[in-house]
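# Structure at a glance
This is what each chain is made of:
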Amino acid sequence: MDTPPNITDRTALTHHRDRALPDALFLHDVVADEFQERLIEVNRTFTKIAIVTGFPEFWAAKYPDATIVGDDDTLALEVETYDLVLHTLALHWANDPVGQLVQCRRALKPDGLFLAASFGGQTLNELRTSLAEAEIAVTGGLSPRIAPMGEIRDLGGLLQRAGFALPVADGTPLQVSYANAFHLMHDLRKMGENNALSDRIKTFTPRNMLTEAATIYADNFRAEDGKRVTATFEIITLTGWAPAESQPQPLRPGSAKTRLADALGTDETPLK
């Protein structure tokens, strides 16, 4: 088996998360509310819960009886032990996202539920564009500054690859306004979400490049009031179940007893 590429500098990521401030974790609050609504809809009592997170204190407060584990490459989860596993806004930092999901699926009892919230590909697209244009203009080059984030179709495909039954992926774009791009970047630092890519340039970013990026941002991504700027955070929620014999199964091809044409009240036209 090939070794996954080392995308994330885990030492830097841990350092950034350690400096995060509780009042800046509003996106985790959004995810916690979303999880709660979905669990109510499931209408099942979960007695053995595990949570994969980079912010253990936040999620331990939400689920005091849950087992909290870090989002390391190897998850500290026991096999076939939990009836609910939550993965919370950490998949974009995973060196092996499929491996993370496989480990979560293996940790579930049969018919256990997996819920994950991940940043989608539209997240920070405004900042990504502004930084790229500014860096090219000022330095003539381009370096990785924002972690890669999957599109909804790709993330849904990961659920299937990881062996989950009944996989579903859906996304919600959140628009947040800031006074300017500097305020946004400061907020990302407070969230513990600043650049922790292994291939990042490890010297200070020139001030004139950041100023150029802020100007590009203000020119292209103003809020409706014309005074502030907007930032997109796309939250993609992934839902899957550990396979179990009791779950609905697809019918064998050719086993249908009713013709679709009859149900629609139309004539069937054979293909030539």
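Residues numbered from 1 in each chain as written. Predicted model: local features only at pLDDT ≥ 70, side-chain atom pairs only at ≥ 80, totals over all residues. Heavy atoms only, no water.

## Some points on the overall build of the protein chain
In plain terms, the rule: Each helix is a run of H or I in the DSSP string that is no shorter than four residues. Each strand is a run of E no shorter than two, and both are numbered from the N terminus. A simple rule labels every residue: compare its accessible area, found with a 1.4 Å probe on the protein chains alone, to the largest value its type can have, and call it buried under 20%, exposed over 50%, or partly exposed in between. In this description, contact between two residues means that some pair of their heavy atoms is separated by no more than 4.5 Å. Areas reported as accessible are Shrake-Rupley estimates using a 1.4 Å probe. Residue values count occlusion only from the protein chains shown. A positive count includes Lys and Arg, and a negative count includes Asp and Glu. His and the chain ends are not counted in either. Note that the charge is assigned to NZ on lysines, CZ on arginines, CG on aspartates and CD on glutamates.
A tally of helices and strands in the protein chain yields nine helices and six strands. C-alpha extents for the protein chain along the principal axes are approximately 70 × 55 × 40 Å. Out of the 272 residues belonging to the protein chain, those deemed buried represent 46%. Restricting to contacts in the protein chain with at least 6 residues of sequence separation, those with at least 24 account for 82%. Just so you have it, the protein chain exposes about 15200 Å², and 52% of that area is on carbon and sulfur atoms. Charge centroids of the protein chain, computed over 26 positive and 37 negative side chains, lie 2 Å from each other.

## Some details on the side chain of Thr 123
Within the fold, Thr 123 resides in the loop between β4 (108-119) and α5 (125-139). On the accessibility criterion, Thr 123 (1% relative accessible area) is buried. Filtering out sequence-adjacent residues up to four positions away, Thr 123 remains in contact with Arg 128, Met 149, Thr 232, Phe 233 and Glu 234.

## Structural notes on unusual backbone geometry
Phi is positive for Glu 80, close to 50 degrees, though the residue is something other than glycine. Position of Glu 80 among the secondary structure elements: in the loop between β2 (67-69) and β3 (82-88). Looking at Glu 80, the relative accessible area reads 52%, which means it is exposed. Positive phi outside glycine occurs at Leu 89, with the angle close to 50 degrees. Tracing the sequence through the fold places Leu 89 in the loop between β3 and α4 (97-107). Classification of Leu 89 by relative accessible area gives buried; the value is 2%.

## Examining the pattern of salt bridges
For clarity, the cut-off: Each salt bridge in this description consists of a side-chain nitrogen of Lys or Arg and a carboxyl oxygen of Asp or Glu lying within 4 Å of one another.
Taken as a whole, this structure holds nine salt bridges when the rule is applied. A salt bridge links Arg 200 to Asp 9; the shortest N-O distance between them is 3.2 Å. Separated by 191 residues along the polypeptide, Arg 200 in the loop between α7 (181-191) and α8 (207-220) and Asp 9 in the segment before α1 (10-18) bring together distant segments of the chain. Look at Arg 200 and you get buried, because its relative accessible area is 17%. When the shortest N-O distance is used, the salt bridge between Asp 111 and Arg 44 registers 3.0 Å. With Asp 111 in strand β4 and Arg 44 in the loop between α2 (26-42) and β1 (49-53), this residue pair connects regions lying 67 residues apart in the sequence.

## Describing the environment of Trp 93
Positionally, Trp 93 belongs in the loop between β3 and α4. For Trp 93, a relative accessible area of 2% translates into the label buried. When the C-alpha atoms of Trp 93 and Thr 205 are compared, they prove to be 22 Å apart, with 112 residues separating the residues in sequence. For Trp 93, the contacting residues outside a window of four places in its chain are Thr 8, Arg 10, Leu 13, Arg 17, Ala 147, Glu 193, Asn 194, Ala 196 and Leu 197.

## A closer look at the pairing of β1
Threshold: Here, a strand pair is defined by DSSP locating no fewer than two bridges between the strands. The path from the first strand over the helix to the second decides the hand: if it runs clockwise while the strands point away from the viewer, the crossover is right-handed.
Counted residue by residue, β1 has five buried out of five residues, so it is predominantly covered. The alternating pattern of β1 places Ile 49, Ile 51 and Thr 53 and Ala 50 and Val 52 on opposite faces, both of which are buried. Pairing between β1 and β3: five bridges, direction parallel. Considered in β3, the bridge of Ile 51 is made with Leu 86. Across three bridges, the pairing between β1 and β2 is parallel. Bridging from a neighbouring strand, Ile 51 pairs with Ile 68 of β2. After leaving β1, the chain enters helix α3 (residues 56-62) and then returns to the sheet as β2, a path that is right-handed.

## Describing α1
As a reminder, the rule being used: Starting at the helix axis, one direction is taken to each C-beta atom, and the arc is that of these directions. Two N or O atoms form a polar contact when they lie within 3.5 Å of each other; inside protein one atom must be a possible hydrogen donor and the other a possible acceptor, and for residues adjacent in sequence the pair counts only when both atoms belong to side chains.
Within α1 the residues assigned to the buried category are Ala 12, Leu 13, His 16 and Arg 17. Each buried residue of α1 sits inside an arc of 135 degrees when the element is viewed along its axis, so together they form one side. Exposed residues on α1 whose side chains face more than 90 degrees from its buried face are Thr 11 and Asp 18. Taking the backbone nitrogen of Thr 11 as reference, a side-chain oxygen 3.2 Å away marks Asp 9 as the first, capping residue of α1.

## Brief notes about the packing of aromatic side chains
Where two aromatic rings form a pair, the distance of their centres and the angle of their planes describe that pair. Rule in force here: What counts as a ring pair is set by centres within 6.5 Å for rings of Phe, Tyr and Trp (its six-membered ring), and what kind of pair is set by the plane angle: stacked under 30 degrees, edge-to-face over 60, tilted for all other angles.
This structure, assessed with the given rule, holds six aromatic pairs. Pairwise contacts between aromatic rings join Phe 35, Phe 58, Trp 59 and Tyr 63 into one cluster.

Nothing here speaks to function; it is all geometry.
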